[in-house]
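Okay, here's what each chain looks like letter by letter:
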Amino acid sequence: METGFTFANTLAALLTIGIISFLWKDNLLYKICEALFVGVSAGYWFVILYYQNLLPKLFDNLGITQIFGGDPGEPGALQVLFNEGRADSRLLYIFAGILGIMLLMRLLPNIGWIARWPIAFTVGTTAGLYFVSYFHSNAMAQLESSIIPFTSFNNIIIVVGTVTGLIYFYFSAERKGVLGGVANVGIWFLMITFGAMFGYTVMSRMSLLIGRFDFIFATWLGLV
Amino acid sequence: MFEKLLKLDRRVIFIFIAVALITPFFLDIKQPMTVSPEVRSLYDEFEKLKPGSKVLISFDYDPPSAPELQPMAVAMLKYCFAKDLKVYIIGLWPQGPLQANLAVEAVKADEHFKDDPPQYDVDYVNLGFMSGNEVVIKSIGSDIRRTFPRDNLGNPTHELEMMKGVTNYSNFDLIFNLSAGYPGTVEWVLFAVGRFNAKLVAGNTAVQSPGMYPYLNSGQLLGLAGGLKAAAELEDLAQYYGRGTKFMLSQSFAHLTIILFIIIGNLAYFATRGRNR
């Protein structure tokens, strides 16, 4: 990365200072930086989605790019169909295109209900895709790794933590007596887990700040 | 005095944190590093590989997470190139392959590699970003060349020398996922490990690493590096000291400052509790 007072570095440094200035109080510079970030992000994602999804996967594969004089390197499914009389498997992208257009119907209040169909399709396929994998990796594999002998302190902690944590989330019986006591142990495990997660989060956020300070002092100002 | 402390303007704390983070930039102190078992496991998986082994590295992060993940990427790329491992770069995040390019440039600039810098399509390839999240991971299990028809430079993937004989996960000796969220390590565990039995190690941002420990414990993840501390540990193991080690000093100073304020805050609270009643 180029160091010093280049245009890009200076702009990035000013934007960083603008965003950090919110810590002092809400101000105009922060608002400008925030609006700029939102706008640039929206534009960036639009371009990425067009060039990574719509163009290569839909327009190039179907042959729409070729119809308008573009050359992605091979004929599209429509060209194969009309020139060679063969149905290419890429013709299936027509359905994806139709589902995409149906999704946009949400913008028209009178026929907005049409958008429910592609949403149902997406939810259904995602659920199907994840069901087996989640069950295997997040249920069965975790269950298997929790059935372990009490041969070490770590193993005892894992088994006791898992059992008491599960009992804490058991709501079908009143939490008193032995059940209440075990559930209270579960609370301790949960609290320690949340504490560890919070500690990691603080560490992560500090790292982001270190990255920006390094950019300002080393890359931009060249002091380090 | 304690009442004043309890009413301390939060901006004073911000200033203390900023000073704690910036001061170490100007200090020449080497912080001793203790390597944690999960980072050691990650490194050991790389150690088991023989020269010429194929490593798939997925750069699933963007510039905001670079302070934590980029040092891991640079350290392990240096390790891979020094050991003559073949590196295959992909990205499920749009900026991931660009971060990979920056990491490779950092390796090339290192004096250890000045005489023999890593060569494209000899030591590494960058297959670029592919949209589709977990579907991409699943698709690599069938055919990586169909999943990534062109590399990051626009070359047809099937024409690359390094891609000859590479079809799916069975051709990779190890997968290293650098992840800052979705899609990331969870998806790699669910689809690459769960469905194709791939060998996976991961470098994560600190904020998401606690969620990965169950996968580590169950053996679905073979090694885990979480956050800046782990980045510094990896640099220590690989003997390539970079920004992970440098930034860790700032991190430690900030932690000490936070701990100090927590202690002061609690002392002030307990000292004034009776008076407020």
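Keep in mind it's a predicted model, so treat the numbers as computed, not measured.

1. Considerations on the interface of chain A and chain B
In many reports, interface size means the accessible area that the parts give up when they come together. Listed by partner, the interface residues are 40 residues for chain A and 53 residues for chain B. Carbon and sulfur atoms make up 65% of the area that chain A and chain B hide from each other, which totals about 3900 Å². Run the count over chain A and chain B and you get two salt bridges. For Arg-243 of chain B, the salt bridge goes to Asp-214 of chain A, with nearest N and O atoms at 2.9 Å. Joining chain A to chain B, the criterion identifies 16 residue pairs in polar contact (both at pLDDT 80 or more). Mapped by element, the contributors of at least two residues to the side of chain A that touches chain B are helix 2 (28-62), helix 6 (116-146) and helix 8 (177-220) of chain A.

2. Description of unusual backbone geometry
Residue and element names in this part refer to chain B. Residue Tyr-182 is joined to Pro-183 through a cis peptide bond whose omega torsion reads -10°. Although it is not a glycine, Asn-133 adopts a positive phi angle of roughly 50°. Taking the relative accessible area as the measure of exposure, Asn-133 reaches 25% and is therefore partly exposed. Its identity as a non-glycine residue notwithstanding, Asn-197 has a phi of 55°, on the positive side. Topologically, Asn-197 is positioned in the loop between helix 8 (185-196) and strand 5 (200-204). With relative accessibility at 66%, the residue Asn-197 sits in the exposed group.

3. A short note on the pattern of salt bridges
Oppositely charged side chains can form a pair if their charged atoms are brought close together. Taken as a whole and assessed by the stated rule, the structure comprises 14 salt bridges over all chains. One continuous salt-bridge network, built from bridges that share partners, spans Glu-74, Asp-88 and Arg-90 of chain A.

4. Digging into the domain arrangement of chain B
All names here are of chain B. Each assigned domain of chain B is listed here: domain 1 (1-30 + 243-277) and domain 2 (39-241). Measuring from the centre of the C-alpha atoms in domain 1 to the corresponding centre in domain 2 gives 36 Å. Domain 1 puts seven residues into the contact, and the matching count from domain 2 is nine residues. Overall, the association of domain 1 and domain 2 removes approximately 630 Å² of surface from exposure, summing both partners, and the carbon and sulfur fraction of that is 69%. When residues of domain 1 are sorted by the area they lose upon contact with domain 2, Gly-244, Thr-245 and Met-248 head the list and together hold 57% of the total. Our count for the domain 1 to domain 2 interface comes out at zero salt bridges. Between the two partners, domain 1 and domain 2, sit three residue pairs in polar contact (both at pLDDT 80 or more). Counted by class, the side of domain 1 that touches domain 2 contains two nonpolar, three polar and two charged residues.

5. Here's the deal with the environment of Gly-180 of chain A
Here Gly-180 of chain A lies in helix 8. Between the C-alpha atoms of Gly-180 of chain A and Tyr-51 of chain A, which are 129 residues apart in sequence, the distance is 57 Å.

6. Some thoughts on the pairing of strand 1 (residues 54-60) of chain B
Residues and elements named next belong to chain B. Counting buried positions along strand 1 yields six of seven residues, so the element is predominantly enclosed. The pairing of strand 1 with strand 2 (residues 86-91) spans five bridges and is classified as parallel. In the strand pairing of strand 2, Val-55 is matched with Val-87. Following the chain from strand 1 across helix 4 (residues 66-82) to the adjacent parallel strand 2, one finds a crossover that is right-handed.

7. Here's the deal with the sheet that holds strand 5 of chain B
Residue and element names in this part refer to chain B. Spatially, 3-2-1-4-5-6 is the arrangement adopted by the six strands of the open sheet, whose pairing is parallel. Every interior strand has two partners, whereas the edge strands, strand 3 (124-129) and strand 6 (223-226), have only one. On average, each strand axis in the sheet is inclined to that of its neighbour by 15°, with strand direction left out of account. Packing against the sheet, helix 4 makes contact with strand 1, strand 2, strand 3, strand 4 (174-179), strand 5 and strand 6, and its axis sits at approximately 160° to strand 4. Against the sheet, helix 5 (residues 96-109) contacts strand 1, strand 2 and strand 3, and its axis sits at roughly 155° relative to strand 3.

8. A few points about the packing of aromatic side chains
Per the counting criterion, the structure on display carries 24 aromatic pairs over all chains. Where Tyr-50 of chain A meets Tyr-51 of chain A, the ring centres are 5.0 Å apart and the plane angle is 90°; that geometry is what we call edge-to-face. Counting every residue linked through ring pairs, the aromatic cluster contains Tyr-43, Phe-46, Tyr-79 and Phe-176 of chain B. If you follow Arg-11 of chain B out to its NZ or CZ, it ends over the ring of Trp-24 of chain A, 4.6 Å from the centre. The ring of Phe-25 of chain B carries Lys-246 of chain B above its face, with NZ or CZ at 5.6 Å from the centroid.

Rules used throughout
- Residues numbered from 1 in each chain as written.
- Chains lettered and ligands numbered in written order.
- Predicted model: local features only at pLDDT ≥ 70, side-chain atom pairs only at ≥ 80, totals over all residues.
- Heavy atoms only, no water.
- Contact = heavy atoms within 4.5 Å.
- Buried area = accessible area lost by both parts, 1.4 Å probe.
- Salt bridge = Lys/Arg side-chain N within 4 Å of Asp/Glu carboxyl O.
- Polar contact = N/O pair within 3.5 Å; in protein donor to acceptor, adjacent residues only side chain to side chain.
- Helix = DSSP H or I, 4+ residues; strand = E, 2+ residues; numbered from the N terminus.
- Buried < 20%, exposed > 50% of the residue type's maximum accessible area, 1.4 Å probe, protein only.
- Domains from an automatic or database assignment.
- Nonpolar A, V, L, I, M, F, W, Y, C, P; charged D, E, K, R; others polar.
- Pairing = 2+ DSSP bridges.
- Right-handed = clockwise from strand over helix to strand, strands pointing away.
- Axes fitted to C-alpha atoms, helices over the stretch in contact; angles between N-to-C directions.
- Phe/Tyr/Trp six-rings, centres within 6.5 Å; stacked < 30°, edge-to-face > 60°.
- Lys NZ or Arg CZ within 6 Å of the ring centre and 35° of its normal.

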